[in-house]
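# Structure at a glance
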Amino acid sequence: MDWIINDELGLTLGHVVGWAAASAMVVGGVIPYIPQYRQIKQTQDPEGFSLHVCLALLIANTLRIFFWFSKRYELPLLVQSIVMNLTMFLMIHLCVKVRRSNAIMRTRERVFSGEDLRDRRGSSKSREERIGIGDGVITAPAGQIKRGTASKHYLTDFDMKYFWQWTDFQSYLDFMLVIWAVGAAVTYLMLSVEWFMETVGFFAVFTEAMLGAPQFMRNYHNKSTHGMSIQMVIMWTLGDIFKTVYFVLRSAPTQFWVCGSLQVSLDLAILLQVYIYRKNPPPHTVHRGD
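Since this is a predicted model, take the numbers as computed values, not measurements.

### Focus on the pattern of salt bridges
Tallying each qualifying case throughout the model produces 2 salt bridges. Among the ionic pairs, Glu198 bridges to Lys71, the shortest N-O distance being 3.3 Å. Taken together, the residues Glu198 in helix 6 (residues 194-209) and Lys71 in helix 3 (residues 51-71) connect sequence positions 127 residues apart. A salt bridge links Lys243 to Asp240; the nearest nitrogen and oxygen atoms lie 3.4 Å apart. Residue Lys243 and its partner Asp240 are located together in helix 8 (residues 230-249), separated by 3 residues, close to a single helical turn. Each member of the pair, Lys243 as well as Asp240, carries the same accessibility label: buried.

### Some details on the packing of aromatic side chains
One pass over the structure, following the stated rule, counts 15 aromatic pairs. Aromatic pair Tyr33 and Trp236: ring centres 6.1 Å apart, planes at 65 degrees, arrangement edge-to-face. One end of the pair, Tyr33, is in helix 2 (residues 33-43); the other, Trp236, is in helix 8, and 203 residues separate them in sequence. No difference in accessibility class separates Tyr33 from Trp236, as the two residues are buried. When the ring of Phe89 is compared with that of Trp180, the centres are 6.0 Å apart and the planes differ by 80 degrees; the resulting orientation is edge-to-face.

### With respect to the packing of helix 3 against helix 6
Running from amino to carboxyl end, helix 3 crosses helix 6 at an angle of 150 degrees, the nearest separation of the two axes being 8 Å. With respect to their mutual orientation, helix 3 and helix 6 come out roughly antiparallel. The hand of the helix 3/helix 6 crossing is left-handed. Residues Ala56, Leu57, Ile59, Ala60, Leu63, Arg64, Phe66, Phe67, Ser70 and Lys71 of helix 3 touch helix 6, and the partners they reach there are Met197, Glu198, Val200, Gly201, Phe203, Ala204, Thr207 and Glu208.

### Some words on the side chain of Ser81
If you trace the backbone, Ser81 turns up in helix 4 (residues 75-102). In contact with Ser81, not counting residues within four places along its chain, are Asn61, Arg64 and Ile65.

Rules of the game
Residues numbered from 1 in each chain as written. Predicted model: local features only at pLDDT ≥ 70, side-chain atom pairs only at ≥ 80, totals over all residues. Heavy atoms only, no water. Salt bridge = Lys/Arg side-chain N within 4 Å of Asp/Glu carboxyl O. Helix = DSSP H or I, 4+ residues; strand = E, 2+ residues; numbered from the N terminus. Buried < 20%, exposed > 50% of the residue type's maximum accessible area, 1.4 Å probe, protein only. Phe/Tyr/Trp six-rings, centres within 6.5 Å; stacked < 30°, edge-to-face > 60°. Axes fitted to C-alpha atoms, helices over the stretch in contact; angles between N-to-C directions. Parallel < 35°, antiparallel > 145°, perpendicular 65-115°, else oblique. Left-handed = near helix turned anticlockwise from the far one by under 90°. Contact = heavy atoms within 4.5 Å.

Written out as structure tokens, the structure is:
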């Protein structure tokens, strides 16, 4: 009787540990962005956070979702990808909203299609121009800005010069909708081609492994980590260590744990920047974009 009880308790404990680990995988990737989100919202300054981090994660998790249809890896990793995509859109929405509310001169707003959103200032004879998000932001008191009206725009007007520097949230969403549609079609056609799907899986985790690279380069360019949440990077590091160990213990595809190790190395490099640039002053008020 004792051995039966022990076996039952062992099975129950195993289930609890398994569910706890799976839950940590799903929400663990989101938690590091909570302090960064709160910091941007409180300071109304998104310039310390690189939106290219969001781009890297959106692409990586989209590719991982496509890869699931070939490998059928663990369901918590699939759910994590979906949750992470939603989180990145929340980060983008906040950054775009804050930058728009802080900007002063507006006529030319950069959107995914490359078309303009033009300001109209009533009886004024001249129009002020707003520098695109990527060119820099000059702040002014709210109320000096009037909303522009949107003209028609098309995908064929896409302007690479302002890629991922658009001034409206809808443009980021439109771009990812195109990626999802094209990716889904290609995955459907190539699903039976093993080498292709393995390559998709590699690029999925490699892109995620390099998500810290834009933040690393931004810090290096500014010679400062001002505006970047150190809590976020520490949580990145702890989460990536946990994730890599999880990949190894759960026998995830090789691409997952190899790129997880690379991701941990990049996290540590960013933490080293925090120490190196700790005495440097913050960058100039007018910033270059992501």
